[in-house]
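So you can see what is in the structure, the chains are spelled out below.
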Amino acid sequence: MVKRSMSLDPASNLQSHSPTSSGRSSPVLRAPRRTVEDALYKKDRSYRRYASGVERALSLFDTAQQEWADYISFLARLLKAIQAHPSDIPIIPHSTTVATRLAQCLNPTLPSGVHQKALEVYSYIFSVIGKDALSRDLSLYFPGLAPVLSFASLSVRPLFLSLLENYILTLDSYALRPALKAIILCLLPGLEEETGEDFERMVQALDKLRQAVTVSPDTHDETKADGTASHYWQCFFLATITNPSRRQGALAFLVRRLPKFGIRNRRGSISTEKSTAPEKLSNEAESAISPEPGLLIRCFAAGLSDSQLLIQRGFLDLLVSHLPLDSPVLQERISHDDLERLVAAAAGVVSRRDMSLNRRLWTWFLGPEPSAGADANEPLASPTQDMKGAGVDVSSHHAAYFSQYGLRSLTRSIMKMIQRPSPLPADRSKPFRICLSLMDRWEVGGLIVPEIFIPALQSVQIYSETSSKEQLDEVMRSASVFFDGVESGLIWGKLVELVTSALRSDASKHDDALRKLRLAKFILGRFNVREEEMLMHHMPLVALSVLVMLNKYAGKNVEEKASAEDISTLAYDIADSLIQLIPERALLQQQNNTKEPTSKAPDLKGDQITSKITSFYIESHGNLDFSEPPFDVHTLGQLCLHEAGSLFAISLRSESSQSMAELYARILATLIYKLQDQSSLHDIDLLFVFHQVLSDSSPTRPKETLPFPCLVAITSVLSALQTANTSNPYVSATELPDLLHPLIALIWHYLSPFNPKYHVEAVRCLWQLHSISSSGRLVEAAITTLMVSPGQSSQENDPIELAGRGRRLAVLWTHTIHEQSLQTEKRGSTVSRRSSGTTTIPELSPPTGGFQSVLTRPLLLLLDALAEEGTGLFAFVKCWLQDLPTLDKVFEVLARHLQSLQSLKERETLAPSQAGGKSRASASVDDTKECLYYLKHVLNILRWPSSYTWLTLAEEAAPQITETVSDAEKMTLQEWIVRTSMKALSVNSRADHSQQKPHIEELYRTAVSIVLQVFQSPYAAPLKALELEVPLMARLKMSSPSLQSLILEAILAALKLRLLSPPLQRPPSGHQRKQSRDVGAPSRLSLIMEKPLNEEPSSPPIPPPPQLVECLRAGFASPSSRLVLDDWVKFLAEVLPLFADAIFQNLIPLVECFCTQIDQAFEQLRSTFKQPVGDVQISPESTLVSLMNGLERILAKAHDRLVLQETKTATAKSPEQPQGFFGNMVSGVFSSEINQTRTPTANSRLTVLLCFQDTVRICFSIWSWGGYGSNSSKPDPTSLASFGYTSLRMRNRARRILEHLFAAEALECLETLAVLWCQSSRTDSRATSVMGLLNVLNGSKPKHTIPAIFNAVYSRTNPNALDPMRMSTLTSDLSDTDLVSFLVDYTRSLEDDAMDEIWPDCMIFLRDVLANPLPHRQILPTLLEFTAVLGQKVDNTNFGEQRKMRRELGDLFARLLTAVFTTRSMSFLQEPSQVAAVEKASSIASGGNIKKPVDVVAILTSIMPSLQLILVENDRVANAATSISTNIIGPAFRSKAFPENVTKSTLDLIYQLTRVAQNNKAWKKDVADAFNDPRFFSTPLPLITSSWLPILAQWTLTDKDRLPELLSRLSAPTTAGIMFGVGAASARQETDRKTQLTLRRISLLLLAAPEDTFTPTLPSLSEKLVELLTATPASSPSSTTRAELFMLLRALLLTISPVHLAPLWPIVTAELSAALTSLLPDADNRDTYSNAAVLQACKLLDTLVVLAPDDFQLHAWLFVADTIDAVYRPAAWSATALTDEVAEALAAAGTPTSRVAAHHASLSPQHPGVETPLRQPFLEPLLEAVQAGEEGADVRAMTRSELAGRVLRPFLGQLGIAAFEATYGMGVADWEACRVGLLRDLCED
């Protein structure tokens, strides 16, 4: 392992091992040595002649080489010049230039002839200078030779090898050591083809290299520590790690030469004890892993992770043969982390799904076959070790081998993969795919999977909380396949462990317990747990263990109740989901299995049960093949039932857990249904528990009433107990009444209208109880008892209590009838109510007797109250019946009883003369008293009728005894009542008056009174066909005097009906009938217009007393009047006509009172359903309906008066066109000459409209409840059904009022909704609700709404152009811009088909706006958006003439665009302050839905993608793009404030333009102008990164000449004409500035474009680079441009593939070397490289080290010592890399080091917690540390010495070790950091 402590300390790295004057260790560079030698020879004339000849030959290369022959000619001349050297002068003049030119001639693109000639020159040079000089100048010549083998032809290879063998490989070890890695990399390409003719020679060359650098063992003791060939092997491993393209050759060599690291005597056996003495490796093996064995591991890890399958296979073979898993290197010499790295890389090959790889992996994991003489007593690690056989023994041996040597590492490596917090689905799926493949071998998978199973699934659960659905689905696919491959026993064993440990933990581990339970629930919900074995065996066991643990948990006194409920609820969910899935056969004993009779389950305690289940899963691994399950089927079922029963009993008895009782009841009920045998419940004695719980509560004391969930629980369990086994019910028929009566009494309490929360559920409970006791009608009896005497005598005659009973029965009646009507309709229809998520009550299924079986007797008791006038109960029943939607069902009950009476049978005719005495004789029972009783009820109902009562009688059919009656024979209720009354009149009619019983006379009177009442009905016309006057007149003869007077009245009514029947008395059609009591108000706003206008009385009425309004307000506001609000509403309806015009003065107080009360009642209702459990008394829901009815009546009357007033005073209005009529269209020609005059009724109108607005707001809030309730909390799950019923009822009522308001005053109501829309924020659901409401209201269909919005807009922009009748009163706080934004959103929410209705209006409106655009200038931009929405909608439809319409729309859009630019000044785009103001306004507006119309740019940006759709034709698109460019983009870019005035929205607009109109010249010119502006690089970096780069990419893709045009601006440096004269310096600076900007632009274009876009331009680019690199401080352009040239090289590295960069490397290395040497104190080229240039050169080197292109690694040794020597320095180490030499020279010169920089440099760039660390630039953090340090220095303003000492010396001194650390950490290059760093430099001035 690398010792980090010794690696990054600058002091230790920069110290010298010998005094500064003692030879090689002194910091003196290579170049000065050559300079000294050259100086000695310069005095020699022959040398000077020789040097000038070489210089002349070199100058021939300066001109651009055109053909390969030019290269050969140049090389021939150069060789000839060098051959002319004097024999006594063994040096090459101008050697640096010679080496560079030769390297350029070894360009891969040149033919092999040039390469051969260049190698010939190299060979001659090496022969001339000799071995010592070559050792010294190796850094000069070898970089050019290094890449040759990667492209050399067959003819070149022998020449190259000869050169290498003869000269390079003969050098001394000290000369080869720095370049060793580069030489190895240089040779590796020759090993890729093992069949090649040069292969063996290449291997020998590498062997020769190894020998050349090997330190012999008998050398000096000081160097002996280096081992023998250790440095060679360590460099070889580094080369393999860093250079994937040469890995194939490295593998070929490793196969032949890598020493083996296994121990021979260990093969085939497993050591059971730790070896005391470490195992000995061979010397070669020891040298390969010293001093750093981690490099060997990383070499293999890199090979195993290679993208090529053959390389992976080769490294796996190497692992098996050379590095077995039991090798002491792996087990003892390396760290655990390194072994995990290797094992993870090896296991990763299984993702290839290749059998050849997997076979080799198993061999490595499982070890060799056991030898024949292996010890038979070896321990076996197999779960099936009791099975004998040779095959099992081998497998067991393999499992033991893997368990001992690899299990821990593989487990930990997979765990690290699982825990890696990667957002990518591929990374999350990888561990699952690996584990799935590992499970192919049980010896590996069987040991790994149990360890990682739960963590792996937990990682998926955590990922599911943050990922998108698509990402999660991808991971779930892999996880599910893995899950399905795991043994069932293991899965369920882990689930048992999860749940039991969670419920066993104490309160302090609450979060941990919740986490475990959530995971268990996630597993059960998301994975396949429905296999047969799971369902039959494992699931019941796990369910039982959960129930046992829940029992224990519920028994504990948990302090934190809330947390306990969380855990209990989660555990319940798990148990419930399991029990619902378990099939019945898994818990019931099979019939044929009779070896053991069905007996009582054994008496086992909870701990015994859990221990048996746990031991089954731990010891037997849940394997049913080799072990019996812990319980038989019958016992298991009974134990589950017993545990569920005791859990239910505990929850009922305990107050703290009563909220869970309903949940536990569901489990128990399910189990009871699945298990017919209930014997195990006898221990618990549920009957006693029920009695005990019910006796503790009493309905007369509300505070002690049981919580409703408990009642639901008891009901559902009782129902299950009675119906699961009908032949043997749990509660006997004698015990049942005693249990049901108190239970029904408690449920009865929850039917109170003051507590609407559980109404639906309570009704369902009663019917469920009825279903188990229908034979005895116990529920009806109990309710009847409660109606008569609720329990305590003191309250028996309490009028309030009596009325309360009536109201409860009314609730029961309403919901029962509603439920049964739903059952008759299709289930699941849109009307059906949502069933509760957790409740155990099934939806009500009607029993055979229908609703009569429960409600008949209680209903008759209720009807009795009608005979007692003046009581509270009478008042309630009267009002209830008058508005009862199901009144026909009441008559049905009475009719059924009347039809069953014997006294009325057989009397089919109406003529009393034909009713003989036979029927009387045949009647065995005298039931005339019953007949009188029922007829009295009918009469009482008819005595207090409402219009709805008569409507019901006229329309509903009478119930029939037989079902065979045809439709034609069916009679209406009123006809049937009349006929029945006539029958009653004939009972005993022939008998003597003296013989008649007294009640018979009363029966007659009742019957005649009923007939009289019916005849007074407004719908009695059809009865004239009966001609009742005839039988009535016949009956007169036999009547007593008192009866005669009644009959006479009836005859008179019948005659009037017959003679004076008006034609309009026909009842309305069925669809006009009111379907609910909600519609109680007969007055409808929408019918106002149909009333004749002469209804107003001729004489003014007397004004009402002033106290009346106060009286009304007090009455509606008083809580005591809540129950009789309907009477108050009727009173209000009667007194409203008294107000006349005075209504307007009193309207606002009254409406305010109503709105306040509605708001309060609604808030109470809403909060009731939010609370979990509560018995809070609130106003009944009918209160809200009554208040809304009253409010509607007031508004109807007020609006009615207003219309009358306006009709009287209007002079200019036509009477048939009332105010507020909604269907008006916008006229194309507006009469502007009409002067709008303020009418006298304006104040009245304002009053009414303000009240309308309040009503719209309150109704909207009610309508939003339930449907758009995302912002409200979730309702209580127990009351979901009641919540659904109540919210739907309230929403429908509010919607009807809104319908009426819209029908009366559409425009004002619409504006009120628009205000609500404007006020909503983006997070609020109100905006969605407004659009939803508008789309469902009949009164706001698009064909009405769109013109109304247009009218509202015109009222604000150009009111004179609008007909006064369509004017808005402007009472809403809305601007025109708000309205148009609302219009856009509304249009967007419409269905596409609605375009057909609104298209003509929209076209007319847009044309009118364009005819006079000035008044509408503020809304024009938003109208552009509106037009775009229209275009998108029309595109999805096919109505009308599509081509014509699209052309018309395109024309309007183009004109609108022109109008936007002509009516609005775009100057704000040129001033930064105004742009900032617009941006700020937009950001403020971003909280709401409205897009500020002043932001034209943002609107245009949103429209751009659909521009082609709107304008259709390309010419129009081009014109629009030109217009936008000319008016917005051009002025912004040419502004003086550029680039401060350019915002992201402007750039987004340009980007959209570039995509829509790619070939448009206008935007291209604007972008070119901005890009070429010298101020461009002042743009903020985030704006360039996010916006400018995509624009430039589009620009370069559409115009390929961008880069060549920029290159043409670069001129070659020249010194002519500017050396002397005035202005020379300023001219040079100007040229430099232009060149610098051009180079920056080129770099930015390279970064913007996709990779390799500019590869074709690379030759001309490199030519310009070479030219500019010749610049000097005195040339023009000067060497000041060096910094930009280095930036350009960085840009090329980041954007061009390395394979294309080969020609640049000689230039790069030469320039980098020159720049770094300029840092030396006495360097000659200091003036050429400024501070900025040196800094950029260092950044280029930093980027090269981070990215590490393959070709650069051949040159990296020149600059950086990144081999093992960087950490483990040899004793005689000296600086050879340029960075180290410069750093030492700077240290020797005494430059001070910055404390901040030194401190920062000691930090490792690796992040140990991250699995794959990033290789990041090393210099950037140093610069940031210096600038942010206490000195606060500006690097650009530093002097050369300060920059070198404080920044560059720490960087150069530590770059080598940082590079090695990054390689050792196997980090991935951080391309983004390099890219961002370059962009930052480009934008710096």
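Residues numbered from 1 in each chain as written. Predicted model: local features only at pLDDT ≥ 70, side-chain atom pairs only at ≥ 80, totals over all residues. Heavy atoms only, no water.

**Q** Whenever I open this one, the pattern of salt bridges confuses me. Can you help?
**A** When charged atoms on two side chains of opposite charge get close, those side chains can pair. Summed over the entire model, instances satisfying the criterion amount to 57 salt bridges. The salt bridge involving Arg333 is made with Glu286; its shortest N-O contact spans 2.9 Å. Here Glu286 lies in helix α15 (residues 283-288) and Arg333 lies in helix α18 (residues 328-333), a separation of 47 residues in the sequence. For Arg333, a relative accessible area of 36% gives the class partly exposed. Judged by its relative accessible area of 26%, Glu286 is partly exposed. Between Asp1566 and Arg1534 there is a salt bridge, with the nearest N and O atoms lying 3.3 Å from each other. Linking Asp1566 in helix α67 (residues 1561-1572) with Arg1534 in the loop between α65 (1514-1533) and α66 (1544-1556), this pair joins segments that are 32 residues apart in sequence. On the basis of relative accessible area, Asp1566 is assigned to the buried category, the value being 4%. When salt bridges with common partners are traced through the structure, they connect Arg1690, Lys1739, Glu1820, Arg1880 and Asp1881 into a single cluster. (Salt bridge = Lys/Arg side-chain N within 4 Å of Asp/Glu carboxyl O. Helix = DSSP H or I, 4+ residues; strand = E, 2+ residues; numbered from the N terminus. Buried < 20%, exposed > 50% of the residue type's maximum accessible area, 1.4 Å probe, protein only.)

**Q** Explanation requested: the packing of helix α47 (residues 1029-1036) against helix α48 (residues 1041-1059) in the structure shown.
**A** Two elements in contact, α47 and α48, have axes whose closest approach is 9 Å; the angle formed by their N-to-C orientations is 160 degrees. With respect to α48, the element α47 is oriented roughly antiparallel. Here α47 and α48 pass one another in a crossing that is left-handed. Contacts between α47 and α48 pair Glu1029, Leu1032, Met1033, Arg1035 and Leu1036 from the former with Gln1044, Ile1047, Leu1048, Ala1050, Ile1051, Ala1054, Leu1055 and Arg1058 from the latter. Split into classes, the residues belonging to the contact of α47 with α48 amount to nine nonpolar, one polar and three charged. (Axes fitted to C-alpha atoms, helices over the stretch in contact; angles between N-to-C directions. Parallel < 35°, antiparallel > 145°, perpendicular 65-115°, else oblique. Left-handed = near helix turned anticlockwise from the far one by under 90°. Contact = heavy atoms within 4.5 Å. Nonpolar A, V, L, I, M, F, W, Y, C, P; charged D, E, K, R; others polar.)

**Q** What is the right way to read helix α4 (residues 68-83) from this model?
**A** Two residues of an α-helix separated by three or four positions point the same way, owing to the 3.6 residues in each turn. Between its first and last C-alpha, α4 extends 23 Å over 16 residues, near the 22 Å set by a 1.5 Å rise per residue. On the buried face of α4, the contacting elements are α3 (45-59), α5 (95-105) and α6 (112-145). (Expected span 1.5 Å × (residues − 1).)

**Q** Can you help me understand the state of the cysteines in this one?
**A** The term disulfide refers to a covalent linkage connecting the sulfur atoms of a pair of cysteines. Within this structure, the stated rule accounts for zero disulfides. Its sulfur unpaired, Cys1251 is 7.7 Å from the next cysteine sulfur, which belongs to Cys1155. (Disulfide = S-S within 2.5 Å.)

**Q** I would appreciate a short explanation of the confidence of the model for the protein in the present structure.
**A** Where the model shows low pLDDT, its predicted coordinates should not be examined in detail. The predicted model of the protein averages 79 in pLDDT, with 80% of residues at 70 or higher. Confidence drops under a pLDDT of 50 for residues 1483-1493, and excluding neighbours within four residues, the segment shows 31 contacts in the predicted structure. (pLDDT = per-residue confidence, 0-100.)

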